Structure formats: structure tokens, C-alpha cells
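One letter stands for each residue in the lines below.
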Amino acid sequence: MNINELNKNELEDWKKACKIAARALYYGKSLIKKGNNLLDIARKTDEKIISLGGEIAFPSQISMNQIAAHFCPVKNNNPVLDNQIAKLDVGVHVNGFIGDNACTVDLSGENSKLVKASRDALNNAIKVIKPGITLAEIGRTIQETIMDFGFSPVRNLSGHGLGKFDVHTKPTIPNYDNGDETEIKKGDIFAIEPFATNGYGVVIETSNPTVFSLVQKKPVRDMTTRQVLKEIENYKGLPFAKWWLEEKFPLFRVNLALKQLENLGIIKGYPPLADRENGLVSQAEHTILVDEKAIVLTKS
Ligand code: CO
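What you are looking at is a predicted structure, and each value in this text was computed from that prediction instead of being measured. (Residues numbered from 1 in each chain as written. Predicted model: local features only at pLDDT ≥ 70, side-chain atom pairs only at ≥ 80, totals over all residues. Heavy atoms only, no water.)

(A) Focus on helix α2 (residues 38-51). The end-to-end C-alpha distance of α2, which contains 14 residues, comes to 20 Å, matching closely the 20 Å that a straight helix rising 1.5 Å per residue would cover. All buried positions along α2 are accounted for by Leu38, Leu39, Ile41, Ala42, Thr45, Asp46 and Ile49. The buried residues of α2 occupy an angular sector of 165° when projected down its axis, which confines them to one face. If you follow the buried residues of α2, they end up packed against α1 (8-30), β1 (55-64), β3 (85-94) and α6 (242-246). The distance from a side-chain oxygen at the start of α2 to the backbone nitrogen of Leu39 is 3.2 Å, and the residue carrying that oxygen is Asn37. Residue Gly53 follows α2 closely and has a positive phi angle near 95°. (Helix = DSSP H or I, 4+ residues; strand = E, 2+ residues; numbered from the N terminus. Expected span 1.5 Å × (residues − 1). Buried < 20%, exposed > 50% of the residue type's maximum accessible area, 1.4 Å probe, protein only. Arc of directions from axis to C-beta. Contact = heavy atoms within 4.5 Å. Polar contact = N/O pair within 3.5 Å; in protein donor to acceptor, adjacent residues only side chain to side chain.)

Written out as C-alpha cells, the structure reads:
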């Protein structure tokens with residue numbers, strides 16, 4: 001979206017969402033420590049968003065090692081942190097306007113270069129952004145920064161525009177030079193999120209999604225599934241975590257309902273995304289506003 005499409009209050013909402021996202025990320029990052037379990041971290045980070053006056057744009061996700069994105073813990077898959085490289089991705093909305101940011105923590109002490117590669121790529125992208133720069137140029141900056149470290153950018157993950165109640169809109173901000181000559185305009189707001197890997201640089205879908213979203217409403221016959229769907233409708237079409245449902249319904253009912261709803265095309269799952277050669281992946285992300293240069297809205 002571009003700020004020309006917003007009134008003053010809407011822009012304030014957006015800035016507020018971004019500030020809360022930054023504070024929640026900072027807080028969540030402090031919980032990424034050996035011995036902590038992911039469900040605790042996800043829950044506390046989600047609760048932090050609410051306590052700061054925001055709403056959850058997507059469930060706080062902690063993706064580890066070769067998983068680049070889209071992992072949310074669930075009751076029967078709730079890893080305890082040890083030596084992983086962990087990415088925390090946090091999204092907040094205020095009246096539908098979304099702030100999105102992410103960071104990486106290396107608990108092994110052996111992958112600090114990989115963490116720095118995506119962070120420097122993000123910072124360098126922010127430095128080159130100004131009105132008129134092309135998407136390809138931003139991608140090239142990200143790619144070159146990551147390759148200078150001896151790693152690869154993940155090519156099929158990208159930054160993205162943000163819409164009202166919509167986490168992914170145009171433009172697509174590539175993590176490599178994809179030749180897209182579309183120019184950035186003053187007033188554009190979008191998220192930049194470089195991913196760096198010591199593996200292949202392309203992610204593939206794994207199985208067992210733990211994050212879903214509602215895609216269309218349809219009548220449902222089964223009463224239990226209908227109750228679960230009613231709860232899902234509260235999430236306003238934004239992504240939700242399976243563990244949120246596990247807090248409200250017995251696990252077997254959640255599993256059955258999700259399966260039925262997915263088969264009916266009412267919800268869509270987002271399986272964890274892993275590097276094709278199981279390389280370790282790091283990520284850094286900010287939401288920015290393009291003025292004469294980039295203004296980081298998710299600054300902590
Ligand atoms: Co994002």
C-alpha cells in the first residue's frame with residue numbers, strides 16, 4: 001500500500017502496529033534461550049502484542065535450523081531450545097494495518113556469520129532504497145551482500161507489500177536480482193525480509209502445517225467442525241495457529257476439524273518451508289516506509 005491511499009488516522013494506526021511489532025519482537029527474542037520451549041515463547045510473544053494494545057496479524061512463529069518460515073509449535077510438537085538457529089517472525093495489526101518484522105538468534109555460537117549475512121542484507125537494502133529504485137536493484141543488493149559472506153539468498157521467499165488485513169500484497173521484494181524493473185514510489189510501505197542459507201537457497205514445503213488461514217466460508221455439516229469454524233472466523237481471515245484451537249477444543253476434535261475444513265477448501269494450511277538441501281537458514285525483516293529514503297517503521 002502507499003500512504004496516499006491512507007488518511008491520517010490510518011497512517012497513525014500503521015505506525016502504531018509497527019512499533020508494537022518491534023517491541024514484541026524484542027521481547028520474544030529475549031525468550032529465545034536454551035531450555036525454553038517454543039510454545040511458551042509463542043504464547044508470551046502473542047500475549048505481549050495484546051498487552052501493548054495491538055492485535056495479532058499472524059501467530060508468532062519460531063522456525064528452526066533448515067526451516068525458513070511457517071513453523072508454529074503445537075502441543076505434541078513443542079521443541080525445547082538447545083543449539084538451534086531460531087528465527088522469530090512477529091506480525092501485529094491495528095485496525096487491519098500491519099507491522100511485520102523478524103530476527104534470528106544462533107544458540108550454537110557457530111553460525112553468527114549466517115545471522116549477520118541476512119541482517120547486513122536487510123540493512124544494505126534499507127540504505128539503497130529511495131523513490132525510483134527498481135525491485136531488481138533491491139534484490140541485487142540483498143543477493144550480493146549474502147553472497148559476499150559465502151552464503152546464498154533464498155530465492156523463492158521474498159519481502160512483500162502489506163494491505164489492510166492482508167499480510168502479503170504487491171509488490172514482491174525479491175531476495176535476488178530477478179530482473180523486475182518496477183520502480184519503488186515515494187509513500188510505499190512494504191516489508192523487506194532477506195533469508196540467507198548455507199544450503200541450496202530454495203525452500204520446499206514440508207508436511208504437517210501448524211499455521212492456517214480461512215479462505216472461504218461454506219456451510220459445514222458436522223457440529224464439532226462447525227464450532228471450530230466459528231472460532232476460526234474470529235481471526236478475520238488472517239493466519240492462525242493450530243495451538244490457539246488446541247487451547248479451546250480437545251486435540252482430536254481440532255485434528256478432525258482442520259482436516260475436514262482443509263478438504264472442503266474452507267481453510268488453507270501453510271506447511272513449514274525447509275531449504276531443499278537442509279541448509280541452515282537465517283532471516284531478518286523490517287517494515288519500511290519510502291520517503292526520500294527508507295524509514296524503518298519497525299525500529300525497536
Ligand atoms: Co513478512
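So that's the structure; there's more coming.
(B) Spatial organisation of the sheet that holds strand β13 (residues 267-269). With antiparallel pairing, 3 strands are arranged side by side in an open sheet as β12-β11-β13. Of all the strands in the sheet, just β12 (240-241) and β13 have a single pairing partner and so form its edges. Here 2 bridges tie strand β11 (residues 211-214) to β12, and the two strands are oriented antiparallel to one another. What sits directly across from Phe212, in β12, is Phe240. Running over the sheet, helix α7 (residues 251-263) touches β11, β12 and β13 and is turned about 105° from β13. (Pairing = 2+ DSSP bridges. Axes fitted to C-alpha atoms, helices over the stretch in contact; angles between N-to-C directions.)

(C) Fine view of unusual backbone geometry. Residues Lys170 and Pro171 are joined by a peptide bond in cis, for which omega reads 0°. Here Pro171 shows up in strand β7 (residues 166-173). Its identity as a non-glycine residue notwithstanding, Asn208 has a phi of 55°, on the positive side. Overall, the relative accessible area of 61% leaves Asn208 in the exposed class. The phi dihedral of Lys236 is positive, around 60°, even though this residue is not glycine.

(D) Representation of the sheet that holds strand β4 (residues 97-106) within the structure. Read from one edge of the open sheet, 3 strands run β1-β3-β4, paired in antiparallel fashion. This sheet does not close on itself; its edge strands, each paired only once, are β1 and β4. Adjacent strand axes in the sheet meet at a mean angle of 10° when their direction is disregarded. Alignment of β1 against β3, held across 7 bridges, turns out to be antiparallel. Across the sheet, the residue bridging to Glu55 is His93, located in β3. Seen against the sheet, α1 touches β3 and β4 and runs at an angle of roughly 20° to β4.

(E) Main features of the packing of aromatic side chains. Applying the stated criterion across every chain, the model contains 4 aromatic pairs. Plain terms: the ring middles of Phe212 and Phe240 are 6.0 Å apart, the flat faces sit at 25° to each other, and that makes the pair stacked. Of the two residues, Phe212 sits in strand β11 while Phe240 sits in strand β12, which places them 28 residues apart along the sequence. Residue classification places Phe212 among the buried residues on the basis of a relative accessible area of 3%. Phe240 sits in the buried class, given a relative accessible area of 0%. A ring pair is formed by Tyr235 and Trp244, whose centres lie 5.1 Å apart and whose planes are at 70°; its orientation type is edge-to-face. (Phe/Tyr/Trp six-rings, centres within 6.5 Å; stacked < 30°, edge-to-face > 60°.)

(F) Inspection of the packing of α1 against α2 at higher detail. At a minimum axis separation of 9 Å, α1 and α2 run at an interaxial angle of 150°. It follows that α1 is roughly antiparallel to α2 by the angle criterion. The crossing of α1 and α2 is right-handed. Where α1 abuts α2, its residues Ile20, Ala24, Tyr27 and Gly28 lie against Ile41, Lys44, Thr45, Lys48 and Ile49. Classifying every residue of the contact of α1 with α2 by side-chain character gives 5 nonpolar, 2 polar and 2 charged. (Parallel < 35°, antiparallel > 145°, perpendicular 65-115°, else oblique. Left-handed = near helix turned anticlockwise from the far one by under 90°. Nonpolar A, V, L, I, M, F, W, Y, C, P; charged D, E, K, R; others polar.)

(G) Geometry of the pairing of β11. Neither face of β11 is exposed, since Val211 and Ser213 on one face and Phe212 and Leu214 on the opposite face are all buried. In this structure, β11 lies alongside β13, joined through 3 bridges in antiparallel fashion. For Leu214, the partnering residue across the bridge sits in β13 and is Ile267.

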